[in-house]
Amino acid sequence: MSLHIDTPLLESRSLSLANGQQIWLKMDALQPCGSFKLRGIGLACEHFARQGKRRFVSSSGGNAGIAVAYAGRCLGLPVTVVVPQTTTERARRLIRQENAEVIVHGKLWQEANELALSLVGADDAFIHPFDDPLLWQGHASLVDEVAKAGVKPDAVVVAVGGGGLLSGVGEGLRRNGWSDVPVFAVETRGAASLAAAMDKGELVSIDCVTSVATSLGAKRVCDEAFRISQQMNVISHVVSDVQALDACERFLSDHRVLVEPACGAALALAYAPSEALRRYRRVLVVVCGGVTASIEQIREWRKTAD
Ligand SMILES: *Cc1c(COP(=O)(O)O)cnc(C)c1O
């Protein structure tokens, strides 16, 4: 038994008809805590619990922190999440709702993260939001499920933040003998750290994150994500916040599921396929989910986004 569930794999009739392609959706928005993060974080937390760790510590005010809190509750272990003041009331509530302790510290994430690290004792495990091989191994189960369903995609579309999901999808493709399948790695403008690294041909950081897709807001992707972008067939694609927000709205209307702009970024490419994506007959979109934005917030952002 794992903490995550097997999620539905659905063909989107509306997208398939609109694009003249088969568009398949891997519905990880339906994970118990609302995002794919539970796959890797659940696996990591189970691993650390078996090792005898007695508490989990995280510094993510987003879906990673929520997944750690959920995993801790399921495993009967306490969780402490240190978040900066900028973390929304909604996110704090979602973490507390899983019985985790929320400590608010510092203006920026770096300060919250430093405090979190200083709290990690010998019996505690620190759970990173994207940079840990255990996470990638867990995220890869998403591809295993698609393989088990017998639906081999001709291309995969995935959103990229710190690159944990991309690393997991890469591992999943490899371990199912699908290394030849191209991966469209989508980011929003203002959070495009993978695009910056691929442009330069080396792992670089972006100066600041300005996108509303806060779950994509890593200034630098992990080494593994960059390595995969160089070794596998990865095509970088950048969308605007407006495109990501509109995709959230359309997806809610088409499939009755609300996702964050981070996930809307991947959906935006499916709603407006690039020339490069159009070439593929059967496309798998990873609907990575996310619970930190309400529909009111998404509509509010839409008024001022560009
Ligand atoms: C974390 C997250 C991402 C990005 O995943 P990375 O592993 O950081 O690349 C995308 N969408 C949602 C909803 C997320 O929670």
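You'll find the protein chain entered in an unreviewed UniProt entry as L-serine ammonia-lyase, with Pseudomonas bharatica CSV86 given as the organism. According to the UniProt record, the Cofactor (unreviewed entry) comment for the protein chain is "pyridoxal 5'-phosphate". According to UniProt, the comment filed for the protein chain under the heading Sequence similarities (unreviewed entry) is "Belongs to the serine/threonine dehydratase family."

The subject of this paragraph is the packing of helix α7 (residues 141-148) against helix α8 (residues 164-175). Packing of α7 against α8 brings their axes to within 7 Å, and their N-to-C directions diverge by 40°. The orientation of α7 relative to α8 falls into the category oblique. Crossing of α7 against α8: the hand is right-handed. Between α7 and α8, the contacting residues are Ser-141, Leu-142, Val-143 and Asp-144 on the first element and Leu-165, Val-169, Gly-172, Leu-173 and Arg-175 on the second. Partitioning the contact of α7 with α8 into residue classes produces 5 nonpolar, 2 polar and 2 charged.

To continue, consider the side chain of Thr-7. Along the chain, the position of Thr-7 falls in the segment before β1 (9-11). Among the residues examined, Thr-7 registers a relative accessible area of 7% and is labelled buried. At 2.7 Å, the side chain of Thr-7 forms a polar contact with the side chain of Asp-28. Those residues in contact with Thr-7 that sit more than four places away from it in its chain are Lys-26, Met-27, Asp-28, Gln-31, Arg-39 and Glu-145.

To continue, consider the site of the ligand. Lining the immediate surroundings of the ligand are 16 residues, of which Lys-37, Gly-161, Gly-162, Gly-163 and Leu-165 lie closest. At 2.8 Å from an oxygen atom of the ligand is found a main-chain nitrogen or oxygen belonging to Gly-162. One of the backbone nitrogen or oxygen atoms of Gly-163 is found 2.8 Å away from an oxygen atom of the ligand. Looking at side-chain class alone, the shell around the ligand contains 7 nonpolar, 8 polar and 1 charged residues.

All of the buried residues along α7 are Ser-141, Leu-142, Val-143, Glu-145 and Val-146. On its buried face, α7 is in contact with β1, β2 (22-27), α2 (37-50), α6 (133-139), α8 and β10 (282-287). Positive phi shows up at Gly-150, right after α7, with a value of about 75°.

The rules behind each value
- Residues numbered from 1 in each chain as written.
- Predicted model: local features only at pLDDT ≥ 70, side-chain atom pairs only at ≥ 80, totals over all residues.
- Heavy atoms only, no water.
- UniProt positions renumbered as here; feature names shortened; annotations may be inferred.
- Axes fitted to C-alpha atoms, helices over the stretch in contact; angles between N-to-C directions.
- Helix = DSSP H or I, 4+ residues; strand = E, 2+ residues; numbered from the N terminus.
- Parallel < 35°, antiparallel > 145°, perpendicular 65-115°, else oblique.
- Left-handed = near helix turned anticlockwise from the far one by under 90°.
- Contact = heavy atoms within 4.5 Å.
- Nonpolar A, V, L, I, M, F, W, Y, C, P; charged D, E, K, R; others polar.
- Buried < 20%, exposed > 50% of the residue type's maximum accessible area, 1.4 Å probe, protein only.
- Polar contact = N/O pair within 3.5 Å; in protein donor to acceptor, adjacent residues only side chain to side chain.
- Near = heavy atom within 4 Å.

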